[in-house]
Amino acid sequence: MVKLTKRIGALVLRLVAFGAALAALIVMVTSRERASFFAVSLEAKYTDMAAFKYFVIANAVVSVYSFLVMFLPKESLLWKFVVVLDLVMTMLLTSSLSAALAVAQVGKKGNANAGWLPICGQVPKFCDQVTGALIAGFVALVLYVLLLLYSLHSVVDPFLLQKS
(Lines give C-alpha, C1' and ligand atoms only; values in the text may rest on other atoms or scores of the structure.)
Protein backbone atom coordinates (compact mmCIF):
# COMPACT_ATOMS: atom_id res chain seq x y z
CA MET A 1 0.00 0.00 0.00
CA VAL A 2 2.87 2.38 0.81
CA LYS A 3 4.47 1.73 -2.59
CA LEU A 4 1.16 2.42 -4.34
CA THR A 5 0.73 5.67 -2.41
CA LYS A 6 4.29 6.75 -3.27
CA ARG A 7 3.71 5.85 -6.93
CA ILE A 8 0.45 7.83 -7.06
CA GLY A 9 2.12 10.79 -5.29
CA ALA A 10 4.97 10.77 -7.80
CA LEU A 11 2.52 10.51 -10.69
CA VAL A 12 0.47 13.46 -9.40
CA LEU A 13 3.67 15.48 -8.92
CA ARG A 14 4.75 14.67 -12.48
CA LEU A 15 1.29 15.57 -13.80
CA VAL A 16 1.34 18.96 -12.06
CA ALA A 17 4.93 19.60 -13.24
CA PHE A 18 3.82 18.72 -16.78
CA GLY A 19 0.92 21.16 -16.46
CA ALA A 20 3.15 23.96 -15.18
CA ALA A 21 5.75 23.50 -17.94
CA LEU A 22 3.01 23.29 -20.58
CA ALA A 23 1.33 26.42 -19.18
CA ALA A 24 4.63 28.32 -19.27
CA LEU A 25 5.12 27.20 -22.87
CA ILE A 26 1.63 28.20 -24.01
CA VAL A 27 1.60 31.56 -22.23
CA MET A 28 5.01 32.52 -23.60
CA VAL A 29 4.17 31.42 -27.17
CA THR A 30 0.97 33.46 -27.16
CA SER A 31 2.64 36.60 -25.80
CA ARG A 32 2.42 39.28 -28.46
CA GLU A 33 1.38 42.90 -28.53
CA ARG A 34 1.51 45.71 -31.05
CA ALA A 35 1.78 49.31 -29.95
CA SER A 36 1.86 52.52 -31.96
CA PHE A 37 2.93 55.97 -30.89
CA PHE A 38 2.94 58.73 -33.42
CA ALA A 39 4.17 57.17 -36.67
CA VAL A 40 6.25 54.44 -35.00
CA SER A 41 4.83 50.95 -34.66
CA LEU A 42 6.29 48.42 -32.23
CA GLU A 43 5.44 44.74 -32.07
CA ALA A 44 6.71 42.76 -29.10
CA LYS A 45 6.74 38.97 -29.34
CA TYR A 46 8.72 36.21 -27.69
CA THR A 47 10.60 35.37 -30.90
CA ASP A 48 12.37 38.75 -30.75
CA MET A 49 14.55 37.57 -27.85
CA ALA A 50 16.78 34.50 -27.97
CA ALA A 51 16.37 33.89 -24.23
CA PHE A 52 12.59 33.68 -24.63
CA LYS A 53 13.01 31.22 -27.52
CA TYR A 54 15.29 29.12 -25.32
CA PHE A 55 12.68 29.26 -22.54
CA VAL A 56 10.01 28.01 -24.96
CA ILE A 57 12.20 25.20 -26.32
CA ALA A 58 13.24 24.11 -22.82
CA ASN A 59 9.65 24.01 -21.59
CA ALA A 60 8.61 22.08 -24.69
CA VAL A 61 11.33 19.48 -24.08
CA VAL A 62 10.38 19.21 -20.40
CA SER A 63 6.67 18.92 -21.26
CA VAL A 64 7.27 16.10 -23.75
CA TYR A 65 9.60 14.32 -21.33
CA SER A 66 7.10 14.67 -18.45
CA PHE A 67 4.30 13.33 -20.60
CA LEU A 68 6.32 10.30 -21.72
CA VAL A 69 7.62 9.42 -18.25
CA MET A 70 4.07 9.29 -16.88
CA PHE A 71 3.44 6.23 -19.06
CA LEU A 72 6.63 4.38 -18.10
CA PRO A 73 5.78 1.07 -16.38
CA LYS A 74 6.90 0.92 -12.75
CA GLU A 75 8.76 -2.35 -13.39
CA SER A 76 10.89 -0.82 -16.13
CA LEU A 77 14.64 -0.69 -15.67
CA LEU A 78 14.58 2.78 -17.22
CA TRP A 79 13.59 4.32 -13.87
CA LYS A 80 17.26 4.50 -12.88
CA PHE A 81 17.86 6.52 -16.04
CA VAL A 82 14.86 8.71 -15.19
CA VAL A 83 16.82 10.04 -12.20
CA VAL A 84 19.53 11.29 -14.55
CA LEU A 85 16.96 12.73 -16.95
CA ASP A 86 15.12 14.42 -14.06
CA LEU A 87 18.41 16.11 -13.17
CA VAL A 88 18.95 17.18 -16.79
CA MET A 89 15.40 18.57 -17.02
CA THR A 90 15.83 20.44 -13.73
CA MET A 91 19.05 22.03 -14.99
CA LEU A 92 17.42 22.84 -18.33
CA LEU A 93 14.54 24.59 -16.57
CA THR A 94 16.96 26.45 -14.29
CA SER A 95 19.08 27.78 -17.13
CA SER A 96 16.15 28.75 -19.35
CA LEU A 97 14.32 30.47 -16.51
CA SER A 98 17.47 32.38 -15.55
CA ALA A 99 18.03 33.59 -19.11
CA ALA A 100 14.40 34.61 -19.58
CA LEU A 101 14.32 36.40 -16.22
CA ALA A 102 17.39 38.41 -17.15
CA VAL A 103 15.85 39.55 -20.43
CA ALA A 104 12.51 40.27 -18.75
CA GLN A 105 14.28 42.42 -16.15
CA VAL A 106 15.91 44.48 -18.88
CA GLY A 107 12.55 44.82 -20.62
CA LYS A 108 10.91 46.00 -17.44
CA LYS A 109 13.59 48.28 -16.01
CA GLY A 110 15.86 48.95 -18.96
CA ASN A 111 19.60 49.47 -18.57
CA ALA A 112 20.74 53.06 -18.31
CA ASN A 113 24.43 52.16 -18.66
CA ALA A 114 23.84 50.43 -22.00
CA GLY A 115 21.24 52.96 -23.15
CA TRP A 116 18.42 50.38 -23.26
CA LEU A 117 15.02 51.79 -22.49
CA PRO A 118 12.29 49.80 -20.72
CA ILE A 119 9.50 48.60 -23.04
CA CYS A 120 6.87 47.49 -20.54
CA GLY A 121 5.32 50.95 -20.49
CA GLN A 122 4.54 50.65 -24.21
CA VAL A 123 3.51 46.96 -24.30
CA PRO A 124 2.07 46.11 -20.85
CA LYS A 125 0.01 43.11 -22.04
CA PHE A 126 3.13 41.48 -23.47
CA CYS A 127 5.04 42.07 -20.24
CA ASP A 128 2.17 40.68 -18.17
CA GLN A 129 2.07 37.53 -20.29
CA VAL A 130 5.83 37.09 -20.03
CA THR A 131 5.53 37.51 -16.25
CA GLY A 132 2.84 34.82 -16.17
CA ALA A 133 4.98 32.47 -18.23
CA LEU A 134 7.95 33.05 -15.93
CA ILE A 135 5.82 32.34 -12.85
CA ALA A 136 4.57 29.09 -14.40
CA GLY A 137 8.15 28.23 -15.32
CA PHE A 138 9.25 28.85 -11.74
CA VAL A 139 6.47 26.58 -10.45
CA ALA A 140 7.61 23.89 -12.91
CA LEU A 141 11.19 24.30 -11.68
CA VAL A 142 10.20 23.92 -8.01
CA LEU A 143 8.14 20.83 -8.86
CA TYR A 144 11.05 19.36 -10.79
CA VAL A 145 13.39 19.91 -7.84
CA LEU A 146 10.88 17.99 -5.70
CA LEU A 147 10.66 15.28 -8.36
CA LEU A 148 14.42 15.05 -8.48
CA LEU A 149 14.61 14.62 -4.73
CA TYR A 150 11.87 11.99 -4.85
CA SER A 151 13.61 10.15 -7.72
CA LEU A 152 16.91 10.18 -5.87
CA HIS A 153 15.23 8.88 -2.73
CA SER A 154 13.40 6.11 -4.58
CA VAL A 155 16.55 4.89 -6.34
CA VAL A 156 19.10 5.37 -3.55
CA ASP A 157 16.92 4.08 -0.69
CA PRO A 158 16.56 0.50 -2.05
CA PHE A 159 20.26 0.50 -2.97
CA LEU A 160 21.22 1.33 0.63
CA LEU A 161 18.84 -1.31 1.98
CA GLN A 162 20.54 -3.96 -0.17
CA LYS A 163 23.98 -3.09 1.26
CA SER A 164 22.94 -3.71 4.86
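The shown structure was predicted, so the numbers you read here are calculated from the model rather than taken from an experiment.

Novice: Whenever I open this one, the environment of Leu85 confuses me. Can you help?
Specialist: Tracing the chain through its elements places Leu85 in helix H3 (residues 79–109). On the accessibility criterion, Leu85 (23% relative accessible area) is partly exposed. Separated by 15 residues in the primary sequence, Leu85 and Ala100 place their C-alpha atoms 22 Å from one another.

Novice: For this particular structure, what's the right way to read H3?
Specialist: One turn of the α-helix equals 3.6 residues, which is why residues spaced by three or four share an orientation. Counted at 1.5 Å a residue, the expected span for H3 with its 31 residues is 45 Å, and the 44 Å between its end C-alpha atoms agrees. Within the sequence span of H3, burial applies to Trp79, Val82, Val83, Asp86, Met89, Thr90, Leu93, Ser96, Leu97, Ala100, Ala104 and Gly107. Directly beyond the C-terminal end of H3, a positive phi value near 75° is found at Gly110.

Novice: Any chance you could explain the UniProt feature "domain: Casparian strip membrane protein" (unreviewed entry) in the protein chain here in plain terms?
Specialist: According to UniProt, the feature "domain: Casparian strip membrane protein" (unreviewed entry) maps to residues 7–143 in the numbering used here. Along residues 7–143 the backbone is 69% helical and 9% strand, and the end-to-end C-alpha distance reaches 16 Å.

Novice: It is not clear to me how a nonpolar patch on the surface should be interpreted in this structure. Could you clarify?
Specialist: Taken together, the side chains of Phe138, Val142, Val145, Leu146, Leu149 and Leu152 define a hydrophobic patch exposed on the protein surface, amounting to about 500 Å² of accessible area. Relative to the assigned elements, Val145 resides in helix H4 (residues 124–163).

Novice: Would you mind showing me how to read the packing of helix H2 (residues 50–69) against H3 here?
Specialist: Between two packed helices, what matters for the description is the angle formed by their axes and the separation of those axes. Between H2 and H3, the shortest axis-to-axis distance is 9 Å and the interhelical angle comes to 155°. Of the possible angle classes, the one that applies to H2 and H3 is roughly antiparallel. Remark: the crossing between H2 and H3 carries left-handed chirality. Of the residues in the contact of H2 with H3, the class split is 20 nonpolar, three polar and one charged.

Novice: I tried to follow the UniProt feature "transmembrane region" (unreviewed entry) in the protein chain on my own but got confused; where do I start?
Specialist: Following the UniProt record, one finds the feature "transmembrane region" (unreviewed entry) at residues 12–31, 51–72, 84–107 and 133–152. Along residues 51–72 the backbone is 86% helical and 0% strand, and the end-to-end C-alpha distance reaches 32 Å. Along residues 84–107 one finds 100% helix and 0% strand; the C-alpha atoms at either end are 35 Å apart.

About the criteria used
Residues numbered from 1 in each chain as written. Predicted model: local features only at pLDDT ≥ 70, side-chain atom pairs only at ≥ 80, totals over all residues. Heavy atoms only, no water. Helix = DSSP H or I, 4+ residues; strand = E, 2+ residues; numbered from the N terminus. Buried < 20%, exposed > 50% of the residue type's maximum accessible area, 1.4 Å probe, protein only. Expected span 1.5 Å × (residues − 1). UniProt positions renumbered as here; feature names shortened; annotations may be inferred. Patch = residues over 30% accessible without salt bridge, like charges linked within 9 Å, V, L, I, M, F, W, Y side chains within 5 Å. Areas by Shrake-Rupley, 256 points an atom, 1.4 Å probe, with all protein chains shown as cover. Salt bridge = Lys/Arg side-chain N within 4 Å of Asp/Glu carboxyl O. Axes fitted to C-alpha atoms, helices over the stretch in contact; angles between N-to-C directions. Parallel < 35°, antiparallel > 145°, perpendicular 65-115°, else oblique. Left-handed = near helix turned anticlockwise from the far one by under 90°. Nonpolar A, V, L, I, M, F, W, Y, C, P; charged D, E, K, R; others polar.

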